[in-house]
Amino acid sequence: MKAGLADEKRARELEKEKRAKAKRKQPKSKRGTGQQQQSERARQEQSQKAERDRQIEAKRQAKQKAKETAEQIRQIVANHHVDRAQGEAVYRFTQGSRIKEIQVTNAQRQQIARGELAVIGTRKGYELVPATIAERIRPLDESVIRVANERASGETDPEDPYADYPVPDDLMW
């Protein structure tokens, strides 16, 4: 070009031919590697995006199911709760490492101890429900059941060393 034998257009054409000739000399397996790598990368990114979308959808469905379960439990408790009114007795129970208490009547406290009533935790506090209702709630979400004593069977263990010493009904802790 400096000598004036070729112009810019001719220089570009020669460069283009040079690249084409080098490309023809390469084996066929290496010719499309750039495009193959790009398409492979695109497929990987697409599969990663699809996996992220599946995870996000699974989380959304889990949240929706949790909401539906909570609403179902709320409706069951609202329809079947036992009125506590203003009880004269206090029933204490543990929740985690804390001791909680609710006001109940003496009859209700005895029913809880015998396993006829259960204590259910709600957003507003605690509710009493029959043990059969607590068993319906257990498969939905066991964590809302705060107290569900086993019903006492009439049988006693023959090897129980304290069988001769009955537990008093008015035992408070």
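Values in this document were obtained by computation on a predicted structure and should not be read as measured data.

(A) Spotlight on the overall build of the chain. Counting secondary structure elements, the chain contains 5 helices and 5 strands. Shown N-terminal to C-terminal, the secondary structure of the chain runs as helices and strands in the order α-α-α-β-β-α-β-β-α-β. Counting every position in the chain, which comprises 173 residues, the buried fraction comes to 17%. Of the roughly 14500 Å² of accessible surface on the chain, a fraction of 48% belongs to carbon and sulfur atoms.

(B) Local environment of the nonpolar core. Counting 11 residues, the largest nonpolar core consists of Ile73, Ile76, Val77, Ala118, Ile120, Val129, Ile133, Ala134, Ile137, Val144 and Ile145. Going through the elements one at a time, α3 (33-80), β3 (117-121) and α5 (131-137) are the ones with two or more residues in this core. Setting aside chain neighbours within four positions, we find alanine 118 in contact with Glu127, Leu128, Val129, Ala134, Val147 and Ala148. With 10 residues, the next largest nonpolar core counts Phe93, Ile102, Leu117 and Leu128 among its residues.

(C) Main features of the pairing of β3. Most of β3 sits out of view: 5 of its 5 residues are buried. Side chains Leu117, Val119 and Gly121 of β3 all project onto a buried face; the interleaved residues Ala118 and Ile120 project onto the opposite face, where all are buried too. Where β3 lies against strand β4 (residues 126-130), 5 bridges are found, and the strand directions are antiparallel. Across the sheet, alanine 118 pairs through a bridge with valine 129, a residue of β4. Between the end of β3 and the start of β4, which pair antiparallel, lie 4 residues, with glycine 125 showing a positive phi angle near 150 degrees. Examined bridge by bridge, β3 and strand β5 (residues 145-147) share 2 bridges and lie antiparallel to one another.

(D) Region of the structure containing helix α1 (residues 8-25). With 18 residues, α1 should reach 26 Å at 1.5 Å per residue; the first-to-last C-alpha distance of 26 Å fits that figure. Little of α1 sits out of view: just 0 of its 18 residues are buried.

(E) Spatial organisation of the side chain of threonine 69. Positionally, threonine 69 belongs in helix α3. Residue threonine 69 is classed as buried on the basis of its relative accessible area of 15%. When near neighbours in sequence (up to four residues on either side) are disregarded, threonine 69 contacts Leu140 and Asp141.

(F) Geometry of the pattern of salt bridges. With the rule as written, the count across this model stands at 10 salt bridges. Residues glutamate 116 and arginine 114 are paired through a salt bridge, measuring 3.1 Å at the closest nitrogen-oxygen approach. According to the relative accessible area criterion, glutamate 116 is partly exposed, its value standing at 30%. On the basis of relative accessible area, arginine 114 is assigned to the partly exposed category, the value being 39%.

(G) Region of interest: the sheet that holds β3. One open sheet accounts for 3 strands, arranged β4-β3-β5; its pairing is antiparallel. With one partner strand each, in any of the chains shown, β4 and β5 form the two edges of the open sheet. Here the strands of the sheet are splayed against their neighbours by 40 degrees on average, with no regard to which way each runs.

(H) Structural context of the packing of aromatic side chains. Counted by the stated rule, this structure contains 2 aromatic pairs. When the centroid spacing of 5.1 Å and the interplanar angle of 85 degrees are considered together, the rings of phenylalanine 93 and tyrosine 126 count as edge-to-face. Taken together, the residues phenylalanine 93 in strand β1 (residues 89-95) and tyrosine 126 in strand β4 connect sequence positions 33 residues apart. Here phenylalanine 93 falls in the buried class, since its relative accessible area comes to 3%. On the basis of relative accessible area, tyrosine 126 is assigned to the buried category, the value being 17%. The rings of Tyr91, Phe93 and Tyr126 are connected pair by pair, giving a single aromatic cluster.

Parameters at a glance
- Just so you know, the residues in each chain are numbered from 1, in the order the chain's sequence is written.
- Predicted model: local features are reported for residues with pLDDT of at least 70 only, side-chain atom pairs are reported and counted for 80 or more only, and whole-chain, interface and lining totals are derived from all residues.
- Hydrogens are left out, water is left out, and the side-chain values use all remaining heavy atoms of the structure.
- Helix and strand definitions follow DSSP, with helices as H or I runs of at least four residues and strands as E runs of at least two, each counted in order from the N terminus.
- Exposed residues in this analysis have more than 50% of their type's maximum accessible area, buried residues have under 20%, and partly exposed residues fall in between, with area computed by a 1.4 Å probe over protein chains only.
- Note on areas: Shrake-Rupley, 1.4 Å probe, and residue coverage restricted to the protein chains presented here.
- Among the buried residues, those of types Ala, Val, Leu, Ile, Met, Phe, Trp, Tyr and Cys that are joined through side-chain atoms within 4.5 Å form a nonpolar core.
- Should any heavy atoms of two residues lie within 4.5 Å, those residues are considered in contact.
- Between any two strands, at least two bridges found by DSSP are needed for them to pair.
- Take the number of residues in a helix, subtract one, and multiply by 1.5 Å to get its expected span.
- The term salt bridge refers to a side-chain nitrogen of Lys or Arg lying within 4 Å of a carboxyl oxygen of Asp or Glu.
- Whenever a helix is involved, its axis is fitted only over the stretch in contact; in every case the axis is a line through C-alpha atoms, and angles between N-to-C directions fall within 0 to 180 degrees.
- Paired rings are identified among Phe, Tyr and Trp, the last through its six-membered ring, by centres lying within 6.5 Å, and are further divided according to the angle between planes into stacked (under 30 degrees), edge-to-face (over 60) and tilted (the rest).

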